[in-house]
Number of protein chains: 2
Amino acid sequence: MRLPDFYLVLKSDIEKIEHELEKSVATEQPVLNKAALHLLQAGGKRIRPIFVLLCAKFGAYDIEKVKHIASALEMIHMGSLVHDDVIDDAELRRGRQTIKAKWDNRVAMYTGDFLFARAVEKASFLQNGEVHQILSKAMIDMCVGEIEQIRDQFNWQQHLKTYLRRIKRKTALLIAVSCQLGALSADVPPSIQRQLYYYGYNVGMSFQIMDDVLDFIGTEEELGKPAGSDLLQGNITLPALYAMQKDDELKKEVIRLANGDEVVSVRAIIEKVKTSGGIEYAKKLSKKYLDKAYDSLDGLPNRSAKKSLVTIASYIGKRTY
Amino acid sequence: MRLPDFYLVLKSDIEKIEHELEKSVATEQPVLNKAALHLLQAGGKRIRPIFVLLCAKFGAYDIEKVKHIASALEMIHMGSLVHDDVIDDAELRRGRQTIKAKWDNRVAMYTGDFLFARAVEKASFLQNGEVHQILSKAMIDMCVGEIEQIRDQFNWQQHLKTYLRRIKRKTALLIAVSCQLGALSADVPPSIQRQLYYYGYNVGMSFQIMDDVLDFIGTEEELGKPAGSDLLQGNITLPALYAMQKDDELKKEVIRLANGDEVVSVRAIIEKVKTSGGIEYAKKLSKKYLDKAYDSLDGLPNRSAKKSLVTIASYIGKRTY
């Protein structure tokens, strides 16, 4: 993802957060330290911190205050990724070995727990009970989302609604909360906090749908993992859901693939999903959420902060990896 | 553990916390709900909530306030148990199937995460940033303790110091924090909070050493799991540590046992540890920490609350399961 202009404006503050994250994952326990640092250095788009910063611009922006919230949100995200990798038995993440691959499941488990705890510790610098309420509620929703994903795995009868509810909990809510807490930490009035929350929610939905599209159309190099990974794990995302509903033969093939039938080729299925119209359908829905995100910004003051939010949203809409 | 008299005094408040815990683990997601409830109904001694309540008695005791802290601490404890069971691949806990056995590792992972998040949510009712700071620090220490336990597993050269540092992080600190936060939630002055923290720390050390003793001398029925479980998992606790330092032949046998040599009998090793003097040594050290716990209470006001803390400590010292 090449950085757009608004990113350059935030550059020094994002570097501060990077530094804050490095400090936060530090611990005297060498294994924990190395594992968390490994995860941090694997990079990532730092989408959540960016939203925190941009939304704080609607109020009394103070990087020394907002940096705690920004790094807390990134650590919650990181913690959930490590735990996902344990569950998915993943070897690669962003092209690098996962913690469970480089160390083992036990280290991955406690690195995740450690990052969650550090996030709470970070958030407590703000001395604001509401922050913890909002943050913990988001973490609870993420757990519910993960359990839903487990329940829906290999469930070939699911509907669009099931998919949308799942990605809401898995992704959109944490981005919504990033926006809300960024604003809250800058004493933005509650009504504007709410608008920014809905903006974040819609951007998050749009973002996750695009992510699921990219799992079909991206190259292994771009994705940092093989294409079609979701399908192989029995996770039915929007393009496949659409394709399977249109083509019963394809549905049978996908089920055989997920059941480990080696005769079925992932490549062939990916091709079929691509030509089914599922990609276009998903892109259209992603765009719809993006439009809703723009709408959520209606009437907001601060024109320059608003412009940045529009830019980053449209950026997400166009991203190719 | 039969309930002593002081427990009866707290009975209605403990029931309130039990009810609070039931409410807290409730969620619309049925699997998560059932898994967390299963864990809750497996029982447990509710040691941490009891310490929270007793220490709140030193100040402006208000069950409606302190119940949030008490249930938060029990949920952190529960969450850490579920995650431990994933790591230890345990089938039984307190004589009941573990979550990972009844459902699977994935459900156990997110049930643990869910309980941690709920604990933070609970704690936020107090609207006090210091609570979150203390709580998150304790969670971080627990993770460090778990990683240390992994590192020390199958390490046959470890010293008493290593063992003590491990159980401090694994157990004692959360009990110390239970005492501290109980007091803090009742606006007890900081100097008394500190005393209660040290009391909790020492009781926690004493408690864990006894727990490790019971793993050798308890019956499967009392323990809810087979005796010698620690050793089979390569966790070297105090009685074994002592015995192995005295008897090089035994040490070799323990190593063979932990390496899966089926000729070596767990029963025979347990018997040797029992006759090595390791049990007596550990009991003596446990008693020493108990005495330190009593000392920590020196000069505290409120005679009746103090008496309860002495009673529960001595109770822990005498417990047989």
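Residue indices begin from 1 for each chain and proceed along its sequence in written order. For naming, the first written chain is A and the first written ligand is 1, with later ones following in the order written. For this predicted model, a pLDDT threshold of at least 70 governs which residues receive local features, and a threshold of 80 or more governs which side-chain atom pairs are given and counted, while totals over whole chains, interfaces and linings are taken from all residues. To obtain the side-chain values, all non-hydrogen atoms of the structure were included, while hydrogens and water were left out.

Counting secondary structure elements, chain A contains 16 helices and two strands. This radius of gyration counts C-alpha atoms alone. The globule rule is 2.2 Å times how many residues there are, raised to the power 0.38. Taking 20 Å as the expected radius of gyration for a compact globule of 321 residues, we find that chain A reaches 20 Å, a close match to that expectation. Overall, the C-alpha framework of chain A stretches about 60 × 50 × 30 Å when taken along its three principal axes. Of all intrachain contacts in chain A linking residues separated by at least 6 positions in sequence, the fraction that spans at least 24 positions is 74%. Positive charge is attributed to Lys and Arg, negative charge to Asp and Glu, and no charge count is given to His or to the chain ends. A single reference atom marks each charge: NZ on Lys, CZ on Arg, CG on Asp, CD on Glu. Where the 46 positive side-chain charges of chain A centre and where its 42 negative ones centre are 4 Å apart. Helix and strand assignments follow DSSP, with helices taken as H or I runs no shorter than four residues and strands as E runs no shorter than two, numbered in order from the N terminus. Residue contacts follow a heavy-atom distance rule, with two residues in contact if any of their heavy atoms lie within 4.5 Å.

All names here are of chain B. Any carboxyl oxygen of Asp or Glu within 4 Å of a side-chain nitrogen of Lys or Arg constitutes a salt bridge here. Under the defined criterion, the tally for this structure stands at 44 salt bridges over all chains. The closest approach of N and O atoms between Lys252 and Glu249, which form a salt bridge, is 3.6 Å. A residue pair is termed a helical-turn pair when its members lie 3 or 4 positions apart in one helix, as Lys252 and Glu249 do in helix α13 (residues 248–258) at three residues.

For the rest of this paragraph, the subject is the packing of aromatic side chains. In this scheme Phe, Tyr and Trp rings, the latter by its six-membered ring, pair at centre separations within 6.5 Å, and the angle between planes marks the pair as stacked below 30 degrees, edge-to-face above 60, and tilted otherwise. By the definition in use, this model includes six aromatic pairs over all chains. Considering the side-chain rings of Phe51 of chain B and Tyr199 of chain B, the 6.0 Å spacing of their centres and the 70° angle between planes classify their relative orientation as edge-to-face. Of the two residues, Phe51 of chain B is situated in helix α3 (residues 47–56) and Tyr199 of chain B in helix α9 (residues 190–217); the sequence distance between them amounts to 148 residues. A positively charged side chain is recorded as over a ring if its NZ (Lys) or CZ (Arg) lies within 6 Å of the ring centre. The angle to the ring normal must also be within 35 degrees. Its guanidinium or amino end placed over the ring of Trp103 of chain A, Lys102 of chain A lies 5.7 Å from that ring's centre, counting from NZ or CZ.

The next subject is the relation of the copies chain A and chain B. Superposition of the copies used a least-squares fit over C-alpha atoms from residues whose pLDDT is at least 70 in both. Between the two copies, chain A and chain B, the superposition gives an RMSD of 0.0 Å; the rotation angle is 180° and the shift along the axis is 0.0 Å. Given the turn and translation reported, the copies of this chain are related as if by a two-fold rotation axis. Measuring from the rotation axis to each C-alpha of chain A, the shortest distance belongs to Gly129 of chain A, at 3.3 Å. The residues that chain A uses at the interface reappear at the interface of chain B in 100% of cases, marking a shared surface.

A word on the nonpolar core. Within soluble globular proteins, side chains that are nonpolar tend to cluster in buried spots. What we call a nonpolar core is a set of buried Ala, Val, Leu, Ile, Met, Phe, Trp, Tyr and Cys residues that are connected through their side-chain atoms within 4.5 Å. Throughout, exposure labels follow a simple rule: accessible area from a 1.4 Å probe, protein chains only, divided by the maximum for the residue type, with under 20% read as buried, over 50% as exposed, and the rest as partly exposed. Membership of the largest hydrophobic core comes to 156 residues, with the highest contact counts inside it found for Phe51, Leu196 and Tyr199 of chain A together with Phe51, Leu196 and Tyr199 of chain B. Look past the residues within four positions of Phe51 of chain A in its chain and what remains in contact with it is Ile175, Ser178, Cys179, Tyr199, Val203, Leu309, Ile312 and Ile316 of chain A.

Tracing the backbone through its elements, the reader meets Lys100 of chain A in helix α5 (residues 99–102). Not counting chain neighbours up to four residues away, the residues in contact with Lys100 of chain A comprise Asp85, Val86, Asp89, Ala90, Glu91, Asn105 and Ala108 of chain A.

Turning next to the interface of chain A and chain B. Contact with chain A, which involves 41 residues of that partner, is made by 41 residues of chain B. Interface area lost by chain A to chain B is led by Arg106, Tyr110 and Ile147 of chain A, which between them contribute 19%. There are two salt bridges connecting chain A and chain B. Put simply, Arg169 of chain A and Glu28 of chain B hold a salt bridge, and the shortest N to O gap is 3.2 Å. Of all the elements in the fold, those that place two or more residues in the side of chain A that touches chain B are α2 (30–41), α4 (63–88), α6 (105–123) and α7 (129–152) of chain A. Ranked by the residues each element gives to the side of chain A that touches chain B, the list is headed by α7 of chain A, at 15 residues. Under this grouping Gly is polar, as are all residues other than the nonpolar Ala, Val, Leu, Ile, Met, Phe, Trp, Tyr, Cys and Pro and the charged Asp, Glu, Lys and Arg. Class assignment for the residues of the side of chain A that touches chain B results in 18 nonpolar, 11 polar and 12 charged. Buried area: the sum, over both parts, of the accessible surface (1.4 Å probe) that disappears when the two are put together.

Here we take up the packing of α9 of chain B against helix α15 (residues 278–296) of chain B. Residues and elements named next belong to chain B. Between α9 and α15, the least distance of the axes is 8 Å, while the angle of their chain directions is 165°. Looking at the two axes, α9 sits roughly antiparallel to α15. Judged by the twist between their axes, the crossing of α9 over α15 is left-handed. Contact residues: α9 offers Gln195, Tyr198, Tyr199, Asn202, Val203, Met205, Ser206, Ile209, Met210, Val213, Phe216 and Ile217, while α15 offers Ile279, Ala282, Lys283, Leu285, Ser286, Tyr289, Leu290, Lys292, Ala293 and Ser296. Of the residues assigned to the contact of α9 with α15, the class counts are 15 nonpolar, five polar and two charged. Between N-to-C directions, angles span 0 to 180 degrees; the directions come from axes that are lines fitted to C-alpha atoms, helices contributing only their stretch in contact. If an angle is under 35 degrees, it is roughly parallel; if it is over 145, roughly antiparallel; if it lies from 65 to 115, roughly perpendicular; otherwise it is oblique. Crossing handedness is read from the near helix: turned anticlockwise from the far helix by less than a right angle, it gives a left-handed crossing, and turned clockwise, a right-handed one.

This part covers unusual backbone geometry. Residue and element names in this part refer to chain B. Its identity as a non-glycine residue notwithstanding, Arg46 has a phi of 55°, on the positive side. Here Arg46 shows up in the loop between α2 (30–41) and α3. Overall, the relative accessible area of 5% leaves Arg46 in the buried class. Residue Asp187 is not a glycine yet carries a positive backbone phi of 55°. Position of Asp187 relative to the elements: it lies in the loop between α8 (160–185) and α9. Residue Asp187 is classed as exposed on the basis of its relative accessible area, which comes to 58%.

A few words on helix α4 (residues 63–88) of chain B. Residue and element names in this part refer to chain B. Any helix carries an expected span of 1.5 Å times its number of residues minus one. Relative to the 38 Å expected for 26 residues at 1.5 Å per residue, α4 spans 36 Å between its end C-alpha atoms, a close match to the ideal helical length. The buried fraction of α4 is high, at 23 of 26 residues. Phi turns positive, to about 55°, at Asp89, one or two residues after α4.

pLDDT measures the predictor's confidence residue by residue and takes values from 0 up to 100. With 97% of its residues at a pLDDT of at least 70, chain A reaches an overall mean of 89. The ipTM value of the predicted complex is 0.88, and its pTM value is 0.90.

Residues and elements named next belong to chain B. For helix α6 (residues 105–123), which comprises 19 residues, the first-to-last C-alpha distance of 27 Å matches the rise-based estimate of 27 Å (1.5 Å per residue) to within 8%. Within α6, 17 of the 19 residues are buried, leaving the element largely enclosed by the surrounding structure. Pairing of N or O atoms within 3.5 Å defines a polar contact, subject to two protein rules: one partner must be a possible hydrogen donor and the other a possible acceptor, and residues neighboring in sequence count only if both atoms are side-chain atoms. Near the N-terminus of α6, the side chain that reaches the backbone nitrogen of Arg106, with its oxygen 3.0 Å away, is that of Asp104.

What follows deals with the environment of Leu81 of chain A. Residues and elements named next belong to chain A. Along the polypeptide, Leu81 turns up in helix α4. According to the relative accessible area criterion, Leu81 is buried, its value standing at 11%. Leu81 sits 42 residues away from Leu39 along the chain, and the two C-alpha atoms are 9.4 Å apart.

Here the focus is the side chain of Asn235 of chain B. Here Asn235 of chain B is to be found in the loop between α11 (229–232) and α12 (238–246). If sequence neighbours within four positions are ignored, Asn235 of chain B has contacts with Gln149, Gln153 and Asp230 of chain B.

Our next topic: the state of the cysteines. To count as a disulfide, a pair of cysteine sulfur atoms needs to be within 2.5 Å. Taken as a whole and judged by the stated rule, the model has zero disulfides over all chains. The cysteine Cys179 of chain A is free of any disulfide, with Cys55 of chain A supplying the nearest cysteine sulfur at 3.7 Å.

What follows is about the environment of Leu54 of chain A. All names here are of chain A. Tracing the backbone shows Leu54 in helix α3 (residues 47–56). Residue class for Leu54 comes out buried when judged on its relative accessible area of 3%. Along the chain, Leu54 and Ala243 lie 189 residues apart, while their C-alpha atoms are 37 Å from each other.

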